[in-house]
Amino acid sequence: MGYKVVKFGGSSLADAAQFRKVADIIKSDDKRRFVVPSAPGKRFKEDIKVTDMLYKCYELASSNVDFSEEFQKIKDRYNGIISELGIDLSLDDEFGVIASELKLRPAKDYAASRGEFLNGIVLAKYLGFNFVDAADVIIFDTKGNLVLDATEKAVRSRLKGLDNAVIPGFYGRNTEGFIKTFSRGGSDVTGSIIASSVKAEIYENWTDVSGFLVADPRIVEKPDVINVITYRELRELAYMGASVLHEDAIFPVRSSGIPINIRNTNRPQDDGTMIVSDDFNFSRESLSHTITGIAGRKGFSTINIEKAMMNSEKGFGMKVLKVLYDNGVSFEHMPSGIDTMSITVDSSQLEPVKEKVLADIRRAVNPDHLEIEDGIALLAVVGRRMKNTRGTVARIFASMAHARINIKMIDQGSSELNVIIGVSEHDLSEAVRRIYDMFINSEK
């Protein structure tokens, strides 16, 4: 029988009621054998995540300030969950060790990791599962980098023979024996590593949304959920600011060919979003729209260069890019014509050296005209079907024209997986809505 590795985020385990939902989900499928929990998240808008409470304790401890009042709030949170669930469990010994460690040798990673550690113990007890400390199987080197091969071997060795296990997310131990955490969102990474190590048939990532959305719900009212998305499409949307999985969480399962299913703990009946390999054999139902998603990001500038006979001047582009390199500025896109070149860059990188960049370009290539236009937003229209669908770019232009939105740049990659459009920042939201109407609403 194949395994499913299931990861539950902080909102999914915020209180006892959420624990019960999680238990029902796990017990509804015998394949859900290995569980990766986050620390308890917010129960309501003004609430504080347990991890943030632990950070506060660390800050006080590292300044030799008494943190017992803050730490008591953490104890109350866990004891409240245990009491409401009615399980026979005491965390007093664990609380004592944590408080002692923070007093003697306060370490930020250690403090932050204890939320997942304690939640893992509670969830394992409630489910009747084995508890496996992530510090015993997730291995970092002394520089804080994950040692993936050694980690996967340790995971397989520790889980061998176990029918089930709860392995806390977010942390591990380095080769010197100290607790080390991933960056925020790192429980996603732990789940991915466990899934890859046990060769799971699927990695389910349970959160508080029913999958990824075609567009930002703050811009488009009730956008559709993306049913199926490839890893490459996901990367394109993430680059443009779409809130998706922790980037490091994708690599272990992607390299193993394991799909990720994003699911909603509060709506387990929803199918969610399936993230699959780029060569996945798509069904007709999963290809209902020409595009997969739309995402945009503000904060760009365009360097516009004009010079007669630019195309015949050897090394012109190289000289311009060297100026950017010498000034520590990377470029995003560089569409060009016979006598023109436009280079889109991150405004925050350019701003401190803007005048120097202009002066250096003038010296390097002696342009006829040179200007910088700020306030540019980039918008990505991403979709695996675009490559084989005629008129996609024409429809994008039409949607912009109807809204009287001026397109300042358009760039399509050789893979034809995405089209990047540059517009004024004040036009970004309307551009997203118009493209959504053109490709989603009109195709329903």
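## What to know about the overall build of the chain
Here is step 1 of the chain: A count of helices and strands for the chain gives 14 helices and 16 strands.
Here is step 2 of the chain: When each of the 444 residues of the chain is scored for burial, the buried share is 51%.
Here is step 3 of the chain: Long-range pairs, those at least 24 residues apart, make up 75% of the contacts in the chain between residues at least 6 apart in sequence.
Here is step 4 of the chain: Put simply, the chain shows about 20900 Å² of open surface, and 47% of that area lies on carbon and sulfur atoms.
Here is step 5 of the chain: For the chain, the separation between the mean place of its 58 positive charges and that of its 63 negative charges on side chains is 2 Å.

## Digging into the sheet that holds strand S5 (residues 171-174)
Here is step 1 of the chain: Spatially, the three strands line up as an open sheet ordered S3-S5-S6, and their pairing is mixed. The sheet terminates laterally at strand S3 (139-140) and strand S6 (179-181), the two strands that pair on one side only.
Here is step 2 of the chain: Bridge count for S5 against S6 is three bridges, and the pairing is antiparallel. Pairing of Gly 172 across the sheet is with Lys 180, part of S6.

## Comments concerning the pattern of salt bridges
Here is step 1 of the chain: Tallied over the entire structure, the rule returns 23 salt bridges.
Here is step 2 of the chain: Here Lys 4 and Asp 29 are joined by a salt bridge, their closest N and O atoms 2.8 Å apart. With Lys 4 in strand S1 (residues 4-8) and Asp 29 in the loop between helix H1 (16-27) and strand S2 (32-37), this pair connects stretches of sequence that are 25 residues apart. Side by side, Lys 4 and Asp 29 carry an identical accessibility label, which is buried.
Here is step 3 of the chain: Here Glu 233 makes a salt bridge to Arg 384, at a shortest N to O gap of 2.7 Å. With Glu 233 in helix H8 (residues 231-239) and Arg 384 in the loop between strand S14 (369-382) and helix H13 (392-402), this pair connects stretches of sequence that are 151 residues apart.
Here is step 4 of the chain: Among the residues examined, Glu 233 registers a relative accessible area of 0% and is labelled buried.
Here is step 5 of the chain: What makes Arg 384 buried here is its relative accessible area of 18%.

## Some words on the sheet that holds strand S4 (residues 165-166)
Here is step 1 of the chain: Pairing within the open sheet is mixed, and its seven strands lie in the order S4-S2-S1-S7-S9-S10-S8. Edge positions in the open sheet fall to S4 and strand S8 (228-230), since each of these has one partner strand only.
Here is step 2 of the chain: Pairing geometry for S2 and S4, over two bridges, is parallel. In the sheet register, Phe 34 faces S4, and the bridge partner there is Ala 165.

## Describing the nonpolar core
Here is step 1 of the chain: Leu 159 and Ile 435 are the most contacted members of the largest nonpolar core, which has 117 residues in total.
Here is step 2 of the chain: In terms of residue count, helix H5 (residues 108-127) provides more of this core than any other element does, nine residues in total.
Here is step 3 of the chain: Formed by 19 residues, the second largest nonpolar core is a distinct cluster that contains Met 310, Phe 316, Val 320 and Val 365.

## Comments concerning the side chain of Ser 38
Here is step 1 of the chain: Its location among the elements puts Ser 38 in the loop between S2 and helix H2 (50-62).
Here is step 2 of the chain: On the accessibility criterion, Ser 38 (9% relative accessible area) is buried.
Here is step 3 of the chain: Side-chain polar atoms of Ser 38 contact the side chain of Ser 187, separated by 3.2 Å.
Here is step 4 of the chain: Discounting chain neighbours no more than four positions away, the residues touching Ser 38 are Lys 7, Phe 8, Gly 9, Gly 10, Leu 13, Glu 116, Asn 119 and Ser 187.

## Observations regarding the side chain of Asn 418
Here is step 1 of the chain: Along the chain, Asn 418 falls in strand S16 (residues 418-424).
Here is step 2 of the chain: The exposure class of Asn 418 is buried, given its relative accessible area of 7%.
Here is step 3 of the chain: At 3.0 Å, the side chain of Asn 418 and the side chain of Glu 236 are in polar contact.

## Quick notes on helix H7 (residues 187-197)
Count 3.6 residues to each turn of an α-helix, and residues three or four apart come out pointing the same way.
Here is step 1 of the chain: Within H7, eleven of the eleven residues are buried, which leaves it mostly tucked inside the rest of the structure.
Here is step 2 of the chain: Within H7 the residues assigned to the buried category are Ser 187, Asp 188, Val 189, Thr 190, Gly 191, Ser 192, Ile 193, Ile 194, Ala 195, Ser 196 and Ser 197.
Here is step 3 of the chain: Among the residues trailing H7, Lys 199 stands out with phi positive, at a value near 55°.

## Observations concerning H5
Here is step 1 of the chain: For H5, spanning 20 residues, the distance from its first C-alpha to its last is 30 Å, which sits close to the expected 28 Å at 1.5 Å a residue.
Here is step 2 of the chain: Along its length, H5 reaches its greatest deviation from straightness, about 30°, at Arg 114.
Here is step 3 of the chain: The buried count for H5 comes to 16 of 20 residues, which makes it a mostly enclosed element.

What counts, and where the lines are drawn
Residues numbered from 1 in each chain as written. Predicted model: local features only at pLDDT ≥ 70, side-chain atom pairs only at ≥ 80, totals over all residues. Heavy atoms only, no water. Helix = DSSP H or I, 4+ residues; strand = E, 2+ residues; numbered from the N terminus. Buried < 20%, exposed > 50% of the residue type's maximum accessible area, 1.4 Å probe, protein only. Contact = heavy atoms within 4.5 Å. Areas by Shrake-Rupley, 256 points an atom, 1.4 Å probe, with all protein chains shown as cover. Lys, Arg positive; Asp, Glu negative; His and termini not counted. Charge placed at Lys NZ, Arg CZ, Asp CG, Glu CD. Pairing = 2+ DSSP bridges. Salt bridge = Lys/Arg side-chain N within 4 Å of Asp/Glu carboxyl O. Core = buried A, V, L, I, M, F, W, Y, C linked by side-chain atoms within 4.5 Å. Polar contact = N/O pair within 3.5 Å; in protein donor to acceptor, adjacent residues only side chain to side chain. Expected span 1.5 Å × (residues − 1). Bend = angle between axes of the 7 residues up to and from the residue.

Without other data, these values stay purely geometric and don't point to any function.
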